Amino acid sequence: MAPPPREQAHYLLLKIHSLMGIVPIGIFLVFHLGLNSLRTVGPLQYQLSIDAINNLPFLFGIEVLFIYAPLLFHSGVGFYIYFSGKRNAFRYKYVRNWMYTLQRLSGAIVFAFLIYHMGTTVVPKLMYGKHLFEAAPFLIDILNVEFQTWTGRIIYLIGIVSATFHFANGLWGFCVSWGIIIGKTAQRNASVVFALVGLALTVLGFATVLEFSLDPVSVTPTVGG
Ligand code: HEM
């Protein structure tokens, strides 16, 4: 007998939530940390990457469709799971139970970090109307100032670790729950591979924070400055 429609809808909601964590949000995170790490190559390389994004046609529509809407959906359903799920790490000592708890905790931290992060980057950019080639010098100056204090650096380091852990552990959960990785050995091996993916992304993020902290360079608009 087929499950009642309410259970089917619940199941579908969880599946869409899990898929959105990878596509598009996980993909965005990989690109975002990768592009930001261009700052370690040089200020101009970093500026050009921000220029490229801020000169895209229909930028706001693309961001709403592929970043903000999926993030809001994923966070909303995530909080629903957080408050309705059992956190049993204290009753059983299995690693997976801890991962289950940490997955929810890191998700909540990323949510708080994103409010801060977007409130100090995208929101002022829009408020001051810094579009096209004016966006990069404006955003780079904000980051330069943020990374001159330990408070700013620590907020970013915590945000980065929480996001990379949440993504890497979520990738494992996704592959297991979608039946992509089935056997016990395969699941153990995959956890090592995904931990390395998370570590590599963390290194990219930390290197960016270090570069901004050590060398805060302002830039002028590439065109029309
Ligand atoms: C080294 C660390 C990071 C730096 C330097 C950085 C830098 C930036 C900058 C400059 C923007 C504004 C882009 C624009 O409006 O053109 C931005 C936006 C954004 N960042 Fe980050 N970010 C970092 C880490 C993260 C992390 C860990 C996350 C995920 C949790 C994240 C998620 C976002 C989101 C969702 C946006 C808004 C979407 C967009 O406009 O591109 N960022 N970030």
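Rules used throughout
- Residues numbered from 1 in each chain as written.
- Predicted model: local features only at pLDDT ≥ 70, side-chain atom pairs only at ≥ 80, totals over all residues.
- Heavy atoms only, no water.
- Helix = DSSP H or I, 4+ residues; strand = E, 2+ residues; numbered from the N terminus.
- Expected span 1.5 Å × (residues − 1).
- Near = heavy atom within 4 Å.
- Polar contact = N/O pair within 3.5 Å; in protein donor to acceptor, adjacent residues only side chain to side chain.
- Nonpolar A, V, L, I, M, F, W, Y, C, P; charged D, E, K, R; others polar.
- Buried < 20%, exposed > 50% of the residue type's maximum accessible area, 1.4 Å probe, protein only.
- Phe/Tyr/Trp six-rings, centres within 6.5 Å; stacked < 30°, edge-to-face > 60°.
- Lys NZ or Arg CZ within 6 Å of the ring centre and 35° of its normal.

## Here's the deal with helix α7 (residues 150-177)
Thinking step 1. With 28 residues, α7 ought to run about 40 Å at 1.5 Å a step, and its terminal C-alpha atoms sit 39 Å apart, in line with that.
Thinking step 2. Two residues or fewer past α7, G179 is found with a positive phi of approximately 70°.

## Brief notes about the site of the ligand
Thinking step 1. Lining the immediate environment of the ligand, one finds 25 residues, of which H32, N54, E63, H117 and K125 sit closest.
Thinking step 2. With respect to the ligand, the side chain of H32 contributes an N or O atom lying 2.8 Å from a nitrogen atom.
Thinking step 3. H117 is positioned with one of its side-chain polar atoms (N or O) 2.6 Å from a nitrogen atom of the ligand.
Thinking step 4. Of all the secondary-structure elements, those providing two or more residues to the shell around the ligand are α1 (5-36), α2 (43-54), α3 (59-84), α4 (95-120), α5 (122-127), α6 (135-146), α7 and α8 (184-214).
Thinking step 5. Partitioned by chemical class, the residues of the shell around the ligand number 16 nonpolar, seven polar and two charged.

## Remarks on the environment of Y116
Thinking step 1. Relative to the assigned elements, Y116 resides in helix α4.
Thinking step 2. What makes Y116 partly exposed here is its relative accessible area of 27%.
Thinking step 3. Sequence-wise, Y116 and V23 are 93 residues apart; in three dimensions their C-alpha atoms are separated by 23 Å.

## Here we look at the packing of aromatic side chains
Thinking step 1. What the rule picks out here adds up to 11 aromatic pairs.
Thinking step 2. Note on Y116 and Y156: the rings are 6.4 Å apart at their centroids and 75° apart in plane angle, and the pair reads as edge-to-face. Of this pair, Y116 sits in helix α4 while Y156 sits in helix α7, and the two are 40 residues apart along the sequence.
Thinking step 3. The buried category is assigned to Y156, whose relative accessible area is 5%.
Thinking step 4. Sitting over the ring of W172, R96 keeps its end group 3.6 Å from the ring centre.
Thinking step 5. Looking at R104, its charged tip hangs above the ring of Y100, at a distance of 3.8 Å from the centre.

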